[in-house]
Amino acid sequence: LLYIAREYEKIVPLRDRYKRGLVRIPTPKFFVFYNGEEDYPQEKVLHLSDAFMERDMDINLELAVRVININTDKKHEILNKCPILREYSEFVETVRKYRKEEAQLQKAVNECIKKGILADYLYRKSSEVINMLMAEYDYETDIAVQREEAEDRKFLEYVDRLMKKMNLSAEEACQILGESYDRYQTLKRFE
């Protein structure tokens, strides 16, 4: 949503924004290429409204995004149609094999160049790519976020178990656990 707003700002001339009449804009199509490590379907449509806090009211804004899993094992047809995207996917797979140490990333880049995977680009920009990969990944933050998510899941499980075993409301279960009911509501909303 934020991305498309910025793009339309670039496309629509400043003077046109003040016109009283309708200003025609290009029709958008939204795609996300997923290359994460968790199991994810080959293709899925996500809706902005799924993230709304209040979902029982009329929705005045919607955005549908087609997510395409470009991991090589999912074999999405787009990888055959777009060689550069296929090579990018192969590059990511190779980098994962070597993980996040700078010397190991250099090995991954060298392997990709030898195999012809993004070879021209990597040959010219290998140090920039390695720097970007190193800056992009922060091990400490990764671990901290994973721990928080695990704690949140445990908390929800404890509340649900207490509710079932003792026939309690969510608020009462949170009180017994010494936790905030607001936290429970927020986590439940985004579960």
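Since the model is a prediction, treat every value here as computed from it, not as a measurement. (Residues numbered from 1 in each chain as written. Predicted model: local features only at pLDDT ≥ 70, side-chain atom pairs only at ≥ 80, totals over all residues. Heavy atoms only, no water.)

A.B. asks: Can you break down the overall build of the protein chain residue by residue, with the values?
C.D. replies: A count of helical and extended segments in the protein chain gives eight helices and three strands. The linear arrangement of helices and strands in the protein chain, starting from the amino end, is α-β-β-β-α-α-α-α-α-α-α. Considering the protein chain as a whole, with its 191 residues, one finds that 26% of them fall into the buried category. A total accessible area of about 14700 Å² is found for the protein chain, and carbon and sulfur atoms account for 51% of it. For the protein chain, the distance from the average position of its 33 positive side-chain charges to the average position of its 37 negative side-chain charges is 6 Å. (Helix = DSSP H or I, 4+ residues; strand = E, 2+ residues; numbered from the N terminus. Buried < 20%, exposed > 50% of the residue type's maximum accessible area, 1.4 Å probe, protein only. Areas by Shrake-Rupley, 256 points an atom, 1.4 Å probe, with all protein chains shown as cover. Lys, Arg positive; Asp, Glu negative; His and termini not counted. Charge placed at Lys NZ, Arg CZ, Asp CG, Glu CD.)

A.B. asks: Any chance you could break down the environment of serine 169 for me, citing the residues and the numbers?
C.D. replies: Mapped onto the fold, serine 169 is located in the loop between helix H6 (139-166) and helix H7 (170-177). In sequence terms serine 169 and tyrosine 34 are 135 residues apart; their C-alpha atoms lie 38 Å from each other.

A.B. asks: Hey, could you go over the packing of aromatic side chains for me, with residue numbers and the actual values?
C.D. replies: Here a ring pair, both rings aromatic, is described through the centre-centre distance and the interplanar angle of the planes. For the structure shown, the criterion picks out three aromatic pairs. A centroid spacing of 6.4 Å and a plane angle of 80° characterise the contact between phenylalanine 155 and tyrosine 184, whose relative ring orientation is edge-to-face. Linking phenylalanine 155 in helix H6 with tyrosine 184 in helix H8 (residues 181-189), this pair joins segments that are 29 residues apart in sequence. Neither residue differs from the other here; phenylalanine 155 and tyrosine 184 are each classed as buried. Measuring from centroid to centroid gives 6.2 Å for tyrosine 181 and tyrosine 184, while their planes differ by 20°, and the two rings are stacked. Taken together, the positions of tyrosine 181 and tyrosine 184, both in helix H8 and three residues apart, correspond to about one turn of that helix. Here the guanidinium or amino end of arginine 183 rests over the ring plane of phenylalanine 155, the centre of that ring lying 4.3 Å away. (Phe/Tyr/Trp six-rings, centres within 6.5 Å; stacked < 30°, edge-to-face > 60°. Lys NZ or Arg CZ within 6 Å of the ring centre and 35° of its normal.)

A.B. asks: Outline the side chain of glutamate 111, supporting the account with residue identities and numerical values.
C.D. replies: If you trace the backbone, glutamate 111 turns up in helix H4 (residues 102-115). Here glutamate 111 is in contact with Thr94, Lys97 and Tyr98, once residues within four sequence places are set aside. (Contact = heavy atoms within 4.5 Å.)

A.B. asks: Give a detailed account of the nonpolar core, specifying residues and quantitative values.
C.D. replies: For soluble globular proteins, the rule of thumb is that nonpolar side chains tend to be buried together. The biggest cluster of nonpolar side chains holds 13 residues, and the ones touching the most others in it are Phe91, Val95, Leu122 and Leu133. Listed in part, the ten residues of the second largest apolar core include Leu156, Val159, Ala170 and Leu187. (Core = buried A, V, L, I, M, F, W, Y, C linked by side-chain atoms within 4.5 Å.)

A.B. asks: For helix H1 (residues 2-11), give the residues involved together with the corresponding values.
C.D. replies: Taken together, the buried positions of H1 are occupied by Ile4, Glu7 and Tyr8. The buried residues of H1 occupy an angular sector of 100° when the element is viewed end-on, so they sit on one face. Facing away from the buried surface of H1 by more than 90 degrees, the exposed residues are Leu2, Glu9 and Lys10. (Arc of directions from axis to C-beta.)

A.B. asks: Please set out the sheet that holds strand E2 (residues 43-47) residue by residue, giving values where relevant.
C.D. replies: The mixed open sheet is built from three strands, whose spatial order is E1-E3-E2. Either end of the sheet is taken by a strand with one partner, and the two such strands are strand E1 (31-34) and E2. Averaged over all pairs of adjacent strands, the angle between their axes in this sheet comes to 30°, without regard to strand direction. Here E1 pairs with strand E3 (residues 64-69) via four bridges, running parallel. In the sheet register, valine 32 faces E3, and the bridge partner there is valine 67. (Pairing = 2+ DSSP bridges. Axes fitted to C-alpha atoms, helices over the stretch in contact; angles between N-to-C directions.)

A.B. asks: How would you explain unusual backbone geometry if you had to name every residue and give the values?
C.D. replies: Although it is not a glycine, leucine 118 sits at a positive phi angle of roughly 50°. Relative to the helices and strands, leucine 118 resides in the loop between H4 and helix H5 (119-136).

A.B. asks: Give a detailed account of the pattern of salt bridges, specifying residues and quantitative values.
C.D. replies: Once the charged atoms of two side chains with opposite charge are near each other, the side chains can pair. Tallied over the entire structure, the rule returns 14 salt bridges. The partner of lysine 97 in a salt bridge is glutamate 111, with the nearest N and O atoms 2.7 Å apart. Here the residue lysine 97 occupies a position in helix H3 (residues 83-98), and glutamate 111 occupies one in helix H4, the gap between them amounting to 14 residues. Because the salt bridges share partners, they merge into one network encompassing Lys97, Glu111 and Lys115. (Salt bridge = Lys/Arg side-chain N within 4 Å of Asp/Glu carboxyl O.)

A.B. asks: Describe H7, and please don't skip the residues or the numbers.
C.D. replies: Residues of H7 that are buried: Ala170, Ala173 and Cys174. On an axial view of H7, the arc spanned by its buried residues comes to 100°, and they lie on one face. Seen from the buried face of H7, the exposed residues on the opposite side, beyond 90 degrees, are Gln175 and Ile176.

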